[in-house]
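Analysis of the macromolecular model
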Amino acid sequence: MKTIDELLAEGVSGKRVFVRADLNVPLADGQITDDGRIRAVLPTVEALAGAGAEVIVASHLGRPKGAPDPAFSLLPAAERLGELLGKPVAFAQDTVGPAAHAAVDGLEPGQVAVIENLRFNPGETSKDDAERAAFADELAALADVYVGDGFGAVHRKHASVYDLPARLPHYAGYLIATEVGVLKKLTDEVQRPYAVVLGGAKVSDKLGVIDNLLEKADRILIGGGMVFTFLKAKGYEVGASMLQEDQIPVVQEYLKRAEEKGVEFVLPVDVVVSGGFPDLKAKEPTHPDTVPADAIPAGQMGLDIGPATAELYAAKLADARTIFWNGPMGVFEHPDYAGGTRAVAQALLDSPAFTVVGGGDSAAAVRLLGFDENAYGHISTGGGASLEYLEGKTLPGLAALED
């Protein structure tokens, strides 16, 4: 795929450049709680604007149902982008209508506009090729050049990600180039030992990546809500913990394959439990208990890996040369259940390995728990996209950027 540096070498002054970014930031009462994805696209936007391009930034936010919804407006993201750029950013209150055309027509070289949430138009996410194509045609009318830089969306076959690049000269932005380079280090250019830490709620979300990593990783450490399906698969009782019983046979087969291939599967030796799920808004103390992983009492819910497991996992990561981490070890949003996630985040910092935090909740946890995100090798902006790449899948948004 051609890169933005090649585009800049060709010259962009006076050209309208459509940047498909990922401004899908978390909001609470209309306020951005984590602006990491906006900051991630800054190098691309600044380089284009600095070279005299008229920059049109587009993104989705949340899951509106193909129609305008004020709760999912990109206005807060546009305002924050302007603050980070240190200059005004125009905002269009539609995607391809009069407001969008007026905002784009009003741009001077070096200026930036953000158009409204792409998912306000049903053509963006439609499974009907013709409907997506029609929306892509309307988007293409806004610009002369396309730059793909929304890594968090490249696993989606959406109009602005997949169909639009075919209609304009297309290039990969700095973020996508960086993300792809990092993922190659996790698949084709691995330094060993290669350790993978997987957490999160549902084991079903990680089956594909576990399947593929059994061919690549040396160690796989499991935490989060998904771990209780693994513990149950080993014959342990898990109390009231999250459990996907229908996945137990698959998990048992993976554990068997790991043993046959010499891949070390590491599960918790202790678990932090409570009688119920904590209130994440009030964050009141919940008086948790720590129990052996093979002795979770009936009625108790596992909400984090325990301190002995945290020590074990840190030891398993200490000599690694490559570490990929995707998914928290527990309910990190509550201080009573953040210890395991904090320990893994610290273990990555203490390791000499090339460390990759795989986006999503893992990246949010690093920031929420106060770690210096610049101290990690890479923090991905796309959890789902990273996982699908590691599963060996073809990502539509990357394929569309290739010539």
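No experiment lies behind these values; they were computed from the predicted model shown.

Conventions adopted
- Residues numbered from 1 in each chain as written.
- Predicted model: local features only at pLDDT ≥ 70, side-chain atom pairs only at ≥ 80, totals over all residues.
- Heavy atoms only, no water.
- Helix = DSSP H or I, 4+ residues; strand = E, 2+ residues; numbered from the N terminus.
- Expected span 1.5 Å × (residues − 1).
- Polar contact = N/O pair within 3.5 Å; in protein donor to acceptor, adjacent residues only side chain to side chain.
- Pairing = 2+ DSSP bridges.
- Salt bridge = Lys/Arg side-chain N within 4 Å of Asp/Glu carboxyl O.
- Buried < 20%, exposed > 50% of the residue type's maximum accessible area, 1.4 Å probe, protein only.
- Core = buried A, V, L, I, M, F, W, Y, C linked by side-chain atoms within 4.5 Å.
- Contact = heavy atoms within 4.5 Å.
- Axes fitted to C-alpha atoms, helices over the stretch in contact; angles between N-to-C directions.
- Phe/Tyr/Trp six-rings, centres within 6.5 Å; stacked < 30°, edge-to-face > 60°.

1. Quick notes on helix α5 (residues 129-140)
- Its 12 residues give α5 an end-to-end C-alpha distance of 16 Å, which sits within 8% of 16 Å, the value for a rise of 1.5 Å per residue.
- Of the residues flanking the start of α5, the one acting as N-cap is Asp-128, its side-chain oxygen 3.1 Å from the backbone nitrogen of Ala-130.

2. Observations regarding the sheet that holds strand β17 (residues 378-379)
- Taken in spatial order, the six strands line up as β11-β10-β9-β15-β16-β17 in an open sheet, and their pairing is parallel. Each end of this open sheet is capped by a strand with a single partner; those strands are β11 (264-266) and β17.

3. Remarks on the pattern of salt bridges
- The full count for this structure, using the stated rule, is 21 salt bridges.
- A salt bridge links Asp-163 to Arg-132; the shortest N-O distance between them is 2.7 Å. On the criterion of sequence distance, the pair formed by Asp-163 in helix α6 (residues 159-163) and Arg-132 in helix α5 is long-range, its members being 31 residues apart. For the pair shown, Asp-163 and Arg-132 are each scored as buried.
- Arg-219 is the partner of Glu-264 in a salt bridge, and the nearest nitrogen-oxygen pair spans 3.4 Å. Residue Glu-264 is found in strand β11, and its partner Arg-219 is found in strand β10 (residues 219-222); the two are separated by 45 residues along the sequence.
- Given the relative accessible area of 14%, Arg-219 is considered buried.
- Within the structure, one salt-bridge network assembled from shared partners comprises Asp-34, Asp-35, Arg-39, Arg-80, Glu-83, Arg-367 and Glu-373.

4. Section: the nonpolar core
- Ile-115, Ile-220 and Phe-230 are the most contacted members of the largest nonpolar core, which has 71 residues in total.
- In this structure Phe-230 touches Val-203, Ile-210, Ile-222, Val-251, Leu-255, Phe-265 and Leu-267, once residues within four positions along its chain are discounted.
- Residues Ala-21, Val-41, Ala-78 and Tyr-171 belong to the second largest nonpolar core, which totals 29 residues.

5. Remarks on the sheet that holds strand β1 (residues 16-20)
- Taken in spatial order, the six strands line up as β5-β6-β4-β1-β7-β8 in an open sheet, and their pairing is parallel. Only two strands of the sheet have a single neighbouring strand rather than two, namely β5 (90-92) and β8 (170-172). For this sheet the average axis-to-axis angle between neighbouring strands, irrespective of direction, equals 25°.
- Relative to strand β4 (residues 54-58), β1 is paired through five bridges, and the arrangement is parallel. Opposite Val-19, over in β4, you have Val-57 as the bridge partner.

6. Remarks on the packing of aromatic side chains
- Within the structure shown, the criterion is met by two aromatic pairs.
- With a centroid separation of 6.0 Å and 15° between ring planes, the pair formed by Phe-18 and Tyr-146 is classed as stacked. Highlighted residues: Phe-18 in strand β1 and Tyr-146 in strand β7 (residues 145-148), separated in sequence by 128 residues. We note that Phe-18, like Tyr-146, is buried.
- With 5.5 Å between their ring centres and 35° between their planes, Phe-230 and Phe-265 make a pair best called tilted. Of this pair, Phe-230 sits in helix α9 (residues 227-233) while Phe-265 sits in strand β11; the two residues are 35 residues apart in sequence, bridging distant segments of the chain.

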